[in-house]
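Structure at a glance
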Amino acid sequence: MVEPMEKLTLLFRPADRDQFLSDLQKLGLVHVEQQQVEERPENARLAARIGNVAQHRLYLQKRAEELPGNRETTPYEGKIDDLIRTIDRLRSSIDGYQAESEQLKREYQAAQRWGDFDPQEIEELAEHGLHMTVHSSPPAIAEAVQKQLAQDQSRVYHPLFDDGGRRYFAVVGRETDQDQLDSVADEKLPERSVSVVAERMSEVERARADAQAELDSLIPYREELGRRLLELQDELTYRVVKGSVRDAGDGHLYLLTGWIPAAQREQLTHFLDREEAAYLFDSPKEEDRVPVKLRNDRFTSLFEPILRIFSIPNYRELDPTPFFAPFYTIFFGLCVADLGYGVLLLAGAVVALAVIKREAAKPLLYLGLILAASVMVFGLLLNDFFGIEITKMSGGKSGLARAVLFGNTNSAMLLAITLGIVQVTFGYVLRAVNAVRGKGAAGAMKPIGVVLMLLGIVVAVLHQLGPSFSVGPIPFGAAAALIPAAGMVGYVLTGIGLLLLLLFNSLEKKLYLRPLFGLWELYELITTVPGYILSYLRLFALGLSGYLLGDTVINLAMMVKGDSVWGIIPMVLVLLVGSGVNLAIGLLSAFVHSLRLTFVEFYNSVGFKGGGIEFQPFARKT
């Protein structure tokens, strides 16, 4: 749910500004409204420094995870800024060595073709008045050049090697006798020999390894970097808030505005009463952009990361998290719907909880436990165990077989449609509740009309289908038969809903004009809501495709096995690879399509807009 907020206006003296703001930051209750001020160079430098420290800490953390035996941390006895400068120097050196190593590798590959020659020998030839040039050409032309130079006697032809259909050769003679050779390409010898380049490569690699070892020795200080990072973030936050303080009395008073959860008003009041400050609490106004603080129970809060993929609600909306969380769990389970895969996922989540110690990862792992349990439950309900029908595994006599409630295709498909009807209708109920909060009872009449129309259509359809109609074990037809004159009730509900839709849309318009606009609303309703409901068939389709793919994997494994005992090995490989691929596809599809049903079908039914501002109190992190 969205916590109620109150607007806070503070007045205090300039002489008390720094101490007052410091104490307010320690208290950590107020979300300060930041003013649009000119960007200050010192803030930009501080932000860049924060990014630098965060990058170094992340680097050391990753190295600690990569290298065994580097999990421990220890305090740093020197100055943290000296540690940061050391890390900067070492990382810069390592990057430089890495760049030089890559360049040396390219130079080594280029020099290899020429052999391990000594460039000094070419310089010695030049000292004696001799000049050597290197050329390449097709073999036929090289042979012609060789014959030409044999007759010249002033220059010597020396073959080197053949490569890629070309012949490489050297020509040595006096510089004054160097005439241009026809149809040959001039080549350039490397500046260094292979042995020299190889030696430099070894030197660079040793230097890089030494720098890396020195840098790795700093891994135990990564938590010290984390503390420094929090200090710098606190400093930047303080500077930004300080810049948001406005002069309210010709330099005699300062003004600060912000927001506080209504439940914490008393705690803040105790603090302000001890300070020489005047303050005022006020309720949010329509034009205010109020920050949002969510407060949910332990189960619902696990789904808040899913909410944030789209957006948090604005202050005047219902928090949809408690309402989509059960549906998302059901949808995820239906998309995979395999008891065997669910057991594997559950075991994986349990192991991850035991192994992973990072507190930030725990909520996601608990969410994984819930979703794995849903996969197990719906795998059991829909009769699937690694692509094998549960009812066939024990002849339909086991306890598991009796728990298969939606084992046939029709039941599974109708279950998906039923969930669509329930969630879409529930979405319009929430829209009505939200409308009451914002526009009063009149604003809720239109969504209530849609709810009545949907209920009326459902009752009328169930009446036509008869008492025998059911979805798995759920006797919807028999329940509808208990309603006296169910068909008439359905038509009446639909009529009342239609009337509300026509009369209570566009409340700013005259009453006699609203039916005209209501016809457009009705057209939109007819063209969208059935599509929304049919979209939930993807739950059935994905579950069915996972079952069929699992069955195919089993059949392929049995074909590969054949009659040989040694066929067990390829059979196991096919089962492992095929089931792994099937599970990966199922999990990806379950995540994406459950999101889609939440963010499109459900959010459109609720009328959810989002765009809320996260409540971020002015608080110290250290």
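Above this text you will find the structure in question.
Residues numbered from 1 in each chain as written. Predicted model: local features only at pLDDT ≥ 70, side-chain atom pairs only at ≥ 80, totals over all residues. Heavy atoms only, no water.

Regarding the overall build of the protein
Each helix and strand counted, the protein has 22 helices and eleven strands in total. For the protein, the spread of C-alpha atoms along the three principal axes comes to 120 × 90 × 55 Å. Considering only residue pairs separated by 6 or more positions, the protein has 78% of its internal contacts joining residues 24 or more positions apart. In the form shown here, the protein has an accessible surface area of approximately 33,800 Å², with 59% of it arising from carbon and sulfur atoms. (Helix = DSSP H or I, 4+ residues; strand = E, 2+ residues; numbered from the N terminus. Contact = heavy atoms within 4.5 Å. Areas by Shrake-Rupley, 256 points an atom, 1.4 Å probe, with all protein chains shown as cover.)

Let's talk about helix H1 (residues 17-27)
All buried positions along H1 are accounted for by Phe20, Leu21, Asp23, Leu24 and Gln25. As for H1, its buried residues are in contact with strand S1 (5-12), helix H7 (222-244), strand S8 (254-261), helix H8 (265-274) and strand S9 (277-282). (Buried < 20%, exposed > 50% of the residue type's maximum accessible area, 1.4 Å probe, protein only.)

As for the packing of helix H16 (residues 409-439) against helix H17 (residues 441-465)
It is the contact of H16 with H17, at a shortest axis distance of 7 Å, that shows an interaxial angle of 165°. Viewed along their axes, H16 and H17 adopt a mutual orientation that is roughly antiparallel. The handedness of the crossing between H16 and H17 is left-handed. Seen from H16, the contacting residues are Ile421, Val424, Thr425, Tyr428, Val429, Arg431, Ala432, Ala435, Val436 and Lys439; seen from H17, they are Ala441, Gly443, Ala444, Pro447, Ile448, Val450, Val451, Leu454 and Val458. For the contact of H16 with H17, the residue count by class is 15 nonpolar, two polar and two charged. (Axes fitted to C-alpha atoms, helices over the stretch in contact; angles between N-to-C directions. Parallel < 35°, antiparallel > 145°, perpendicular 65-115°, else oblique. Left-handed = near helix turned anticlockwise from the far one by under 90°. Nonpolar A, V, L, I, M, F, W, Y, C, P; charged D, E, K, R; others polar.)

Digging into the environment of Leu60
With respect to the helices and strands, Leu60 occurs in helix H2 (residues 41-66). In the structure, Leu60 is positioned 158 residues away from Leu218 in sequence and 7.8 Å away in space, judged by C-alpha atoms. Contacts of Leu60, omitting those with residues within four sequence positions, involve Ile87, Leu215, Leu218, Ile219, Arg222 and Leu225.

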